[in-house]
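Listed here are the chains, written in short residue letters.
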Amino acid sequence: MLKQRILTALVLAPSAIAAIFYLPLNLFAGLLLLIMSIGAWEWGPLMGFNQKARRLLFVLTNVILISAIWHFLPPQQLWLDKETLQQPVFLLLWLAVAWWALSAILTFLYPRYSGFWSSHRSVRGLFGWLTLVPTWLAFMVIRSSEYQFDHYHGAQLLMVLFLMVWSADIGAYFVGKAIGKHKLLPNVSPGKTLEGFFGGVAFACILVSSAGYIMDWNAKQFGIILLVTAIITTISVLGDLNESMFKRQAGIKDSGSILPGHGGILDRIDSLTATAPIFALCYAMIGW
């Protein structure tokens, strides 16, 4: 399984990086829409949808919502600072923050209160919209940052986010395997440990600090980025646990099988769905 994960990652990571840096904004938006559509397809079984028609209908609703945002908030008009970022964008990103705050409560209290949302498919569908649609918007807000002046600035920001999330994931995996003893949330994900969690956060902070040293950051920049790294890597675990909770409730091991060794698209982007809106807001409101 580890060999499969590594081989898939060796193909997936360069492809993702190439798309982030070299695709024009509209093509990048279209690719993201495709990825969110696959994620919506995989969300169907989490809602109890086994029929293809129902799953396709849920995919269609996500496509309509994202297309509406794309139409009224074109990528070329998105900016990433608190003076120029449009008010509807801020509201949608804060809506995502509110959802992930609720998700954290549901996850930590699981299986309490799971009877309500698991027995109502419409509620689980709403959770799916709140997970997937703001992710598309957050990625586009980040990628379009200062695009008119520097086509690669937003791509670099996205790579910072990826560096945080991927390094935390790698650090948590290996530290958890090596010394993990204390379960993080056994009712949700028995394999995750406190040692793995703290190892992932520490590994991400070390990696980001190394990048800052190479780029000659000052003390203030280090302070801000390390704080943001700790926040983002903590939230990334929430995204992972949230999907694990929905899969456990639905009796599903993986969201799909499109990525050998990794499962489905949702299994690969679960951490990013939680972190992207918060990262966009952090950069817009704080900067570094």
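How each quantity is defined
- Residues numbered from 1 in each chain as written.
- Predicted model: local features only at pLDDT ≥ 70, side-chain atom pairs only at ≥ 80, totals over all residues.
- Heavy atoms only, no water.
- UniProt positions renumbered as here; feature names shortened; annotations may be inferred.
- Helix = DSSP H or I, 4+ residues; strand = E, 2+ residues; numbered from the N terminus.
- Axes fitted to C-alpha atoms, helices over the stretch in contact; angles between N-to-C directions.
- Parallel < 35°, antiparallel > 145°, perpendicular 65-115°, else oblique.
- Left-handed = near helix turned anticlockwise from the far one by under 90°.
- Contact = heavy atoms within 4.5 Å.
- Nonpolar A, V, L, I, M, F, W, Y, C, P; charged D, E, K, R; others polar.
- Buried < 20%, exposed > 50% of the residue type's maximum accessible area, 1.4 Å probe, protein only.

A. Quick peek at the UniProt feature "transmembrane region" (unreviewed entry) in the protein chain. The sites that UniProt annotates as "transmembrane region" (unreviewed entry) are residues 28–44, 56–73, 89–110, 122–142, 154–175, 196–215 and 221–239. Span residues 122–142 is 100% helix and 0% strand, its end C-alpha atoms 30 Å apart. In residues 154–175, the share of helix is 100% and the share of strand is 0%. The end C-alpha atoms are 31 Å apart.

B. Geometry of the packing of helix H2 (residues 25–46) against helix H3 (residues 52–72). Packing of H2 against H3 brings their axes to within 8 Å, and their N-to-C directions diverge by 150°. By the criterion of interaxial angle, the relationship of H2 to H3 is roughly antiparallel. The crossing of H2 and H3 is right-handed. Contacts between H2 and H3 involve Asn26, Ala29, Gly30, Leu33, Met36, Ser37, Ala40, Trp41, Glu42, Trp43, Gly44 and Pro45 from the first element and Lys52, Arg55, Leu56, Phe58, Val59, Asn62, Val63, Ile66, Ser67 and Trp70 from the second. When grouped by side-chain class, the residues that make up the contact of H2 with H3 number 13 nonpolar, six polar and three charged.

C. Geometry of the environment of leucine 92. Within the element layout of this structure, leucine 92 appears in helix H4 (residues 87–109). Given the relative accessible area of 29%, leucine 92 is considered partly exposed. Placed 53 residues apart in sequence, leucine 92 and serine 145 show a C-alpha to C-alpha distance of 17 Å. Not counting residues within four places of it along the chain, the set of residues in contact with leucine 92 comprises Ile69 and Leu137.

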